[in-house]
Amino acid sequence: MIHTTDESDIQIERRFVPKAKDISEDIAWAQINKDVLRSMERPRLMYWVIFLASLALFSFGVYCEVYQYQTGLGVADLENPQVWGLYIATFIFWIGMSHSGTLLSAILHIMHADWRKPIYRFAEAMTTFSLMTAGLFVLVHLGRVWEFYYVVAYPNERWVWPNFNSPLVWDATAIGTYLTSSIVFLYFGMIPDLAICRDNAKGFRKKFYWFLSLGWQGTDRQWANFRVAYLTIACFLIPLAVSVHSIVATDFAVSQQPGWHITSFPPYFVAGALYSGCAAIITLFIVLRYVFRFEAYMTMPILDKTCRLTFAIAMVWTYLNLIEYASVWYGNDEYAKQTLIFRATGTYAPYWWAMNFLGSIVPFALAFKSLRNHLPTMMVVSLLLNLGMWLERFMIVTPTFAHGYYPWTWTGDWWPSWVQWGIVAGSFGWFSMLFMLFCKIFPTVSMYEVKEMVYHRFMARKARA
Amino acid sequence: MSKVHTLALYNDFEEAGRTLQELKAANLPGFRMDDVAIKSPIEHPELSEMLGKRPVYVQLYTLAGAVLGSTVGFTLIASAQANFLLQIRGGRPVVPIPPDMVLTYELFILIGVLMTVVGCFIAWKLPGNRSTLYNTSISEDKIGILVKADPLVIPKINEIFSRHQPLEIMGEQGR
């Protein structure tokens, strides 16, 4: 039979071309275990390249910190009015980075968005290690690091008098709560997978996973309690994550510095946090997909969804950024207005414009499907977005201190010393090193949830048939 | 008489479901559906429903944790502030409610989360003994049905298991 194709056939065919699947429902469950466990045994050579590079960066950071500790904060060029420098800017960056992992995982879990399943584990790990990195900067920026406990909320018996009304004390408590809850959420969600590791490991690793898996045998009672507890923790984590970055924002918003005393700061910070976190998820998605050969699990449709989500959040951030400028511009605070003009035209103007370009214009690359499906482009775009988000934090801290209320305190030409840059670089090394270690020791793809995903899709196909 | 365990492994949920139906219908003496457990690599609510209602009490621990967290949080902060009444506050309250709500809120969440986990561990009877009947293929792709019953009924249960093409039937000595 000769089959001829005319335009109407093509149109019909186009209409019924099945959409790309998030994951193939034909993957055998045993294969899922095998693929994920293999990733922990034999990653690509690139894994070791990244790990060693991270270790080198971290070592340099440690060197800089030791030098600063022994010599004094002067070597970091931190002096009035530039008392925070890169340290607090990078602290906010890492706190922000921590947001998307747990927050998005929890939101998507509650909404039953099953495309999160292959990627949420590493996103939650990212949260934990970002918070651990952020916490370091609280210590690093202190002149007398041994008195760090002044920021912790505890009773007054030692006559230290922590100020419970201060956002800095709230901050320490919120970050401590978020770190604890994120570790619990990450670990708790991993218990069934740790049992899989236990059942397949040998020697010391078997004992290690046996201890961590808490005797999990996958009984119906265990599953029922596990589900309720996991959902409950997810519900707690959503408001917690929002509160953490809102509180970081109040560190600024309740102060009297020109340009910081803005009502929209908390939502602006939360949106920026989600934005940088989503961009980091894209970066790590691409890295892990290659390094651990996760092409069958970290699929292009899932990346596509993550990119679209990032684009939406980028637009929210852009809106809130413009609101911040508008609030200052149309407000009645001349000092704040002058600080804004200084940001746009002063010494730091190239960074301000770069921040706006990277944060608001570059994300439009995510609007194009052809670009979303091109991994090298997405890698570059995600890194640029995070550079933009880091610049945002730098632009919040440094120009404001450089152009305060009193002209004789203006430090328009201030630039961080190499020690600060070294410690910031070291923080990236510390984060990457911990993250890569985690990926080698723990399963980065949730095996049981991917099995559920495959099973439900298989059953849906069966029902359709 | 002390009860003993027997475990049958199945290849899919359908076979396991049919086995459970037959076990339920058999109405064997010395055997209750409450003594049946499913061991599976993923949760399967439909199969679990066949075992009857098994309430989950984790939420009660969560509620207790949330109440405890808020109470302890506020009390700790307020008592620390009220600890030094002579402090000059310039007419402002010694225990200001709005700012204290922030830390109260954080502790409400922290203790709520921790108590949820503790509740789950209690429900799992940690660090209690578990049945030694376990097969590592359960964490891979097989479904296990574990039954605890009188030793006299075990042969009949194994017979029911055998009718549904089990991959393996594992037993244990009476205790």
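Residues numbered from 1 in each chain as written. Chains lettered and ligands numbered in written order. Predicted model: local features only at pLDDT ≥ 70, side-chain atom pairs only at ≥ 80, totals over all residues. Heavy atoms only, no water.

All names here are of chain A. Tallying each qualifying case throughout the model produces 62 aromatic pairs over all chains. Considering the side-chain rings of F188 and F226, the 5.3 Å spacing of their centres and the 20 degrees angle between planes classify their relative orientation as stacked. You can see F188 sitting in helix α6 (residues 167-200) and its partner F226 sitting in helix α8 (residues 220-253), a full 38 residues away along the chain. In terms of burial, F188 and F226 fall into one category: buried. Sitting over the ring of Y290, R44 keeps its end group 4.4 Å from the ring centre. In this arrangement the basic side chain of R116 is found over the ring face of Y120, its NZ or CZ atom lying 4.1 Å from the centre. (Phe/Tyr/Trp six-rings, centres within 6.5 Å; stacked < 30°, edge-to-face > 60°. Helix = DSSP H or I, 4+ residues; strand = E, 2+ residues; numbered from the N terminus. Buried < 20%, exposed > 50% of the residue type's maximum accessible area, 1.4 Å probe, protein only. Lys NZ or Arg CZ within 6 Å of the ring centre and 35° of its normal.)

Here the focus is empty space enclosed by the protein. Taken as a whole and assessed by the stated rule, the structure comprises 4 cavities of 30 Å³ or more. For the largest cavity, the calculated volume is near 100 Å³. Of all the elements in the fold, those that place two or more residues in the lining of the largest cavity are α4 (85-110), α5 (120-140), α9 (265-291) and α10 (300-329) of chain A. Counting residues per element, the lining of the largest cavity draws most heavily on α4 of chain A, which supplies 5 residues. Looking at the lining of the largest cavity, its residues break down into 9 nonpolar, 4 polar and 1 charged. Reported here for the second largest cavity is a volume of approximately 70 Å³. Forming the walls of the second largest cavity are 13 residues, and the residues nearest its centre are P192 and W216 of chain A together with S40, P41 and S139 of chain B. Here the lining of the second largest cavity gets 3 residues from one element, more than from any other, and that element is α6 of chain A. When its residues are assigned to classes, the lining of the second largest cavity shows 9 nonpolar, 4 polar and no charged. (1 Å grid on protein atoms, 1.4 Å probe; cavity = no way out; pocket = protein on both sides within 12 Å on 5 of 7 lines; lining within 4 Å. Points joined across faces, edges and corners; volume = space filled by probe spheres on them. Nonpolar A, V, L, I, M, F, W, Y, C, P; charged D, E, K, R; others polar.)

So, about the nonpolar core. Core analysis: the biggest nonpolar cluster contains 189 residues, and F188, F252, F265 and F435 of chain A together with L20 and F31 of chain B have the highest contact counts within it. Here this core gets 18 residues from one element, more than from any other, and that element is α9 of chain A. Residues lining this core come from more than one domain, with at least three contributed by each of domain 1 (4-54 + 137-171) and domain 2 (58-123) of chain B. Setting aside residues no more than four positions away along its own chain, F265 of chain A makes contact with A249, F252, A253, G259, W260, E324 and I396 of chain A. Among the nonpolar cores identified, the runner-up in size contains 8 residues, and L9, A37, L133 and L146 of chain B belong to it. (Core = buried A, V, L, I, M, F, W, Y, C linked by side-chain atoms within 4.5 Å. Domains from an automatic or database assignment. Contact = heavy atoms within 4.5 Å.)

All names here are of chain B. Strands sit in the order β2-β3-β1-β4 across an open sheet of 4 strands; the sheet is antiparallel. The open sheet has two edge strands, β2 (36-39) and β4 (168-171), and neither has a second partner. Between one strand and the next, the sheet's axes are offset by a mean angle of 20 degrees, whatever the strand orientation. Alignment of strand β1 (residues 4-10) against strand β3 (residues 143-149), held across 7 bridges, turns out to be antiparallel. (Pairing = 2+ DSSP bridges. Axes fitted to C-alpha atoms, helices over the stretch in contact; angles between N-to-C directions.)

With that out of the way, let us pick up the packing of helix α11 (residues 334-345) of chain A against helix α14 (residues 375-402) of chain A. Residue and element names in this part refer to chain A. One can describe the packing of α11 onto α14 by two numbers: an axis separation of 10 Å at closest approach and a directional angle of 115 degrees. Relative to α14, the element α11 is oriented roughly perpendicular. Read as a crossing pair, α11 and α14 show a hand that is right-handed. Along its contact with α11, which presents T339, F342 and R343, the element α14 presents M395, I396, P399, T400 and A402. Its residues placed into classes, the contact of α11 with α14 shows 5 nonpolar, 2 polar and 1 charged. (Parallel < 35°, antiparallel > 145°, perpendicular 65-115°, else oblique. Left-handed = near helix turned anticlockwise from the far one by under 90°.)

Okay, the state of the cysteines next. Counting across every chain of the model gives 0 disulfides over all chains. Note on C197 of chain A: no disulfide assigned, nearest cysteine sulfur contributed by C439 of chain A at a separation of 13 Å. Classification of C197 of chain A by relative accessible area gives buried; the value is 2%. The structure places no disulfide on C120 of chain B, whose sulfur is separated from the nearest cysteine sulfur, that of C235 of chain A, by 15 Å. (Disulfide = S-S within 2.5 Å.)

Moving on, we come to the interface of chain A and chain B. The interface is formed by 53 residues belonging to chain A together with 55 residues belonging to chain B. For the chain A and chain B pair, buried surface summed over both sides reaches about 4,700 Å², with 66% attributable to carbon and sulfur atoms. Broken down residue by residue, the surface that chain A buries against chain B is led by Q217, D220 and F236 of chain A, which jointly contribute 15%. The interface formed by chain A and chain B includes 16 residue pairs in polar contact (both at pLDDT 80 or more). Listed by contribution, the elements that provide at least two residues to the side of chain A that touches chain B are α2 (29-41), α6, α8 and α16 (447-464) of chain A. Among the residues making up the side of chain A that touches chain B, the classes are represented as 29 nonpolar, 15 polar and 9 charged. (Buried area = accessible area lost by both parts, 1.4 Å probe. Polar contact = N/O pair within 3.5 Å; in protein donor to acceptor, adjacent residues only side chain to side chain.)

This part covers α14 of chain A. For an α-helix the count is 3.6 residues per turn, leaving residues at separations of three or four pointing the same way. All names here are of chain A. In a regular helix each residue adds 1.5 Å, so 28 residues correspond to 40 Å; α14 covers 40 Å between its end C-alpha atoms and thus fits that length. Residue M395 marks the point of greatest curvature in α14, where the axis turns by about 30 degrees; the proline P399 follows within four residues. Of all the 28 residues making up α14, 20 are buried; the element is thus mostly covered by neighbouring parts of the structure. (Expected span 1.5 Å × (residues − 1). Bend = angle between axes of the 7 residues up to and from the residue.)

Our next topic: the layout of surface pockets. Put simply, the largest pocket is a space of about 1,100 Å³. Lining the largest pocket are 39 residues, and of these T219 and R221 of chain A together with A37, A123 and K125 of chain B sit closest to its centre. If you list the elements that add at least two residues to the lining of the largest pocket, you get α8 of chain A together with β2, α2 (45-49), α4 (97-123) and β3 of chain B. The leading source of residues in the lining of the largest pocket is α8 of chain A, at 5 residues. For the lining of the largest pocket, the per-class residue count stands at 13 nonpolar, 10 polar and 16 charged. Taken domain by domain, the lining of the largest pocket gets at least three of its residues from each of domain 1 (4-54 + 137-171) and domain 2 (58-123) of chain B. As for the second largest pocket, its lining consists of 32 residues, of which V138, L139, H141, L142 and V151 of chain A are closest to the centre.

Our next topic: the side chain of D100 of chain B. If you trace the backbone, D100 of chain B turns up in helix α4. Judged by relative accessible area, D100 of chain B falls into the buried class, the value being 0%. Apart from the residues lying within four places of it in its own chain, the contact partners of D100 of chain B are F164 and N165 of chain A together with F74, I77, Q81 and V95 of chain B.

Turning to the domain arrangement of chain B, a few remarks are in order. Structurally, chain B comprises domain 1 (4-54 + 137-171) and domain 2 (58-123). Spacing between the C-alpha centres of domain 1 of chain B and domain 2 of chain B amounts to 46 Å.

In most cases, non-glycine residues show a negative phi, while peptide bonds are predominantly trans. Omega for the bond connecting N80 of chain A with P81 of chain A falls within 30 degrees of zero, at 0 degrees, which places this linkage in the cis form. Located in the positive-phi region is H112 of chain A, a residue other than glycine, with phi close to 55 degrees. You can see H112 of chain A is positioned in the loop between α4 and α5. For N27 of chain B, which is not a glycine, the phi torsion comes out positive at approximately 50 degrees. In this structure, N27 of chain B sits in the loop between α1 (13-26) and β2. Its relative accessible area of 66% is what places N27 of chain B among the exposed residues.

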